[in-house]
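Residues per chain, in single letters:
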Amino acid sequence: MARPFWSGHLQISLVSFGIALIPATEANSEIRFHQIDRRSGERIRHQKVSSEDEEPVEKGDIVKGYEYSKGEYIQLEPSEIEQVRIESRHTIELEQFVSAEEIDPSFYEKPYFVLPENPAQAEAFAVVREALVETKRVGLGKIALGGRERLVAITAPNDPKLRGMMAYTLRFSAELRNAAEYFEDVKAHKIDRDQLSLARELIQKKSTKFEPDKFTDNYEAALRELIDAKLKHVAPPKQRDREPGGKVINLMDALRRSVGEQTRRKKPVVRADGKPAGDQAGKQGLRLMHSSSRGASKRRKSA
């Protein structure tokens, strides 16, 4: 069980109670690499050295420095930085409440689980959580994390069976680039209604309930295959290239073929005797079939 990353108080006007934040994400499955000397096979070590004489500097001799002029620095000791006091270091004061739909996804950074700090805080915690659920609102405040102050959103989880709350660190608006500057060169086009109708139909056919467990990191899986092959001293697996699709003449043609392909995939798979196919046939029916491969199948049947 992960330990609290931050503990302090959640405050709404005169109501205040203790909470603990635990990171909601982990990177246990992430493959990590070290830098290795190709000649010796030994790991590369990095030393912190002075730019003046290239001599190594001990950790205890390193302080923060602010460059106020070219090559001129003001030194700040860790103890001096620690004495900088802002309320958000120990208290998240929810200053306003908004609808979740008002927060653009580009603002979101990292999620945290929010729990009552101890049983004595549970009553106030439960009341505020239920109020957020019933009003369908997100509370906004600020929190000091990692040496800087961040905007934070507090809300109830989407799953009503989960009795905790969620916190999401948000970017400040000044950190986001102006989208209008980047999109201004995207020219407006007259939309063909038939093309739009097919595009909407394609989206509808591919629409489903969000199931995050179905999405995995294929790049990491391929790296693991490569590493396993090297450990076993066998040839690394070959890259499986996507089969080329049939030639597409224009956008309308591509949309028609895509909609037709989605319709074919949704038809139930049956055997020659008309009975439903077994699991194996069903799995085969879910394969991604391209125009070229279907054509080859028809030619084999004709032969």
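Here's a quick rundown of the structure.

How each quantity is defined
Counting starts from 1 at the beginning of each chain's written sequence and moves along it residue by residue. Only residues with pLDDT of at least 70 get local features here, since the model is predicted, and only at 80 or more are side-chain atom pairs given and counted; chain-wide, interface and lining totals rely on the full set of residues. Water and hydrogen atoms play no part in the side-chain values, which are based on all heavy atoms of the structure. We count a stretch as a helix when DSSP gives it H or I for four or more residues in a row; a strand needs E for two or more, and each element gets its number in order from the N terminus. Buried, partly exposed and exposed residues are distinguished by accessible area as a fraction of the type maximum, computed with a 1.4 Å probe on protein chains only: under 20%, between the cut-offs, and over 50%, respectively. We call two residues contacting when some pair of their heavy atoms lies within 4.5 Å. Methods summary: accessible areas were calculated by the Shrake-Rupley approach with a probe of 1.4 Å, and residue burial reflects only the protein chains presented. Patch membership is restricted to residues that have no salt bridge and whose relative accessible area is over 30%. Joining uses 9 Å for like charges and 5 Å for the nonpolar side chains Val, Leu, Ile, Met, Phe, Trp and Tyr. For salt bridges, the criterion is a side-chain nitrogen of Lys or Arg within 4 Å of an Asp or Glu carboxyl oxygen. In this analysis, strands are considered paired if DSSP registers two or more bridges between them. To estimate how far a helix should extend, the number of its residues minus one is multiplied by 1.5 Å. Lining residues are those with an atom within 4 Å of a point, where the points come from a 1 Å grid over the protein atoms alone and group into cavities, where a 1.4 Å probe fits but cannot get out, or pockets, open sets with protein on both sides within 12 Å along at least five of seven lines. Grid points are joined across faces, edges and corners, and a volume is the space filled by probe spheres set on the points. When residues are grouped by polarity, Ala, Val, Leu, Ile, Met, Phe, Trp, Tyr, Cys and Pro land in nonpolar, Asp, Glu, Lys and Arg in charged, and all others, Gly among them, in polar.

## What about the overall build of the protein?
Assigned secondary structure in the protein consists of eight helices and ten strands. Residues counted as buried form 19% of the 303 residues belonging to the protein. By sequence separation, contacts in the protein at least 24 residues apart represent 59% of the contacts at least 6 residues apart. As displayed, the protein has an accessible area near 25,100 Å², and 52% of this comes from carbon and sulfur atoms.

## Considering a nonpolar patch on the surface
A cluster of nonpolar side chains, Tyr 66, Tyr 68, Ile 74, Leu 76 and Ile 81, forms an exposed patch at the surface whose accessible area comes to about 500 Å². Listing elements by their share of the nonpolar patch, those giving two or more residues are β3 (64–69) and β4 (72–76). Along the chain, Ile 81 falls in helix α1 (residues 78–82). The class of Ile 81 is partly exposed, set by a relative accessible area of 38%.

## Some details on the pairing of strand β9 (residues 148–155)
On a regular strand, each side chain points to the face opposite its neighbour's, so the side chains alternate between the two faces of the sheet. Here strand β8 (residues 138–145) runs beside β9; their pairing, made up of seven bridges, is antiparallel. In the sheet register, Gly 139 faces β9, and the bridge partner there is Ile 154. With antiparallel pairing between neighbouring strands as the criterion, β8 and β9 make up a hairpin whose turn holds two residues, including Gly 146 at a positive phi of roughly 55 degrees. Relative to strand β10 (residues 165–170), β9 runs antiparallel, the two being bridged by five bridges. Following the sheet pairing, Thr 155 is matched in β10 by Met 166.

## Side note on the pattern of salt bridges
Summed over the entire model, instances satisfying the criterion amount to nine salt bridges. In this structure, the salt-bridge partner of Glu 109 is Arg 150, at a minimum N-O distance of 3.1 Å. Here Glu 109, found in strand β7 (residues 108–116), pairs with Arg 150, found in strand β9; they are 41 residues apart in sequence, far enough to count as distant. A salt bridge links Lys 214 to Glu 211; its shortest N-O distance comes to 3.3 Å.

## Points about helix α5 (residues 218–231)
The terminal C-alpha atoms of α5, which comprises 14 residues, lie 20 Å apart, in line with the 20 Å expected from a rise of 1.5 Å per residue. His 233 lies just past α5 and shows a positive phi near 60 degrees.

## Let's talk about the layout of surface pockets
Space inside the largest pocket adds up to approximately 750 Å³. Thr 155, Ala 156, Pro 157, Asn 158 and Met 166 are the residues nearest the centre of the largest pocket, which is lined by 28 residues in total. Where the lining of the largest pocket is concerned, the elements lending two or more residues are β7, α2 (122–135), β9 and β10. In terms of residue class, the lining of the largest pocket is made up of 18 nonpolar, four polar and six charged.

Nothing here speaks to function; it is all geometry.
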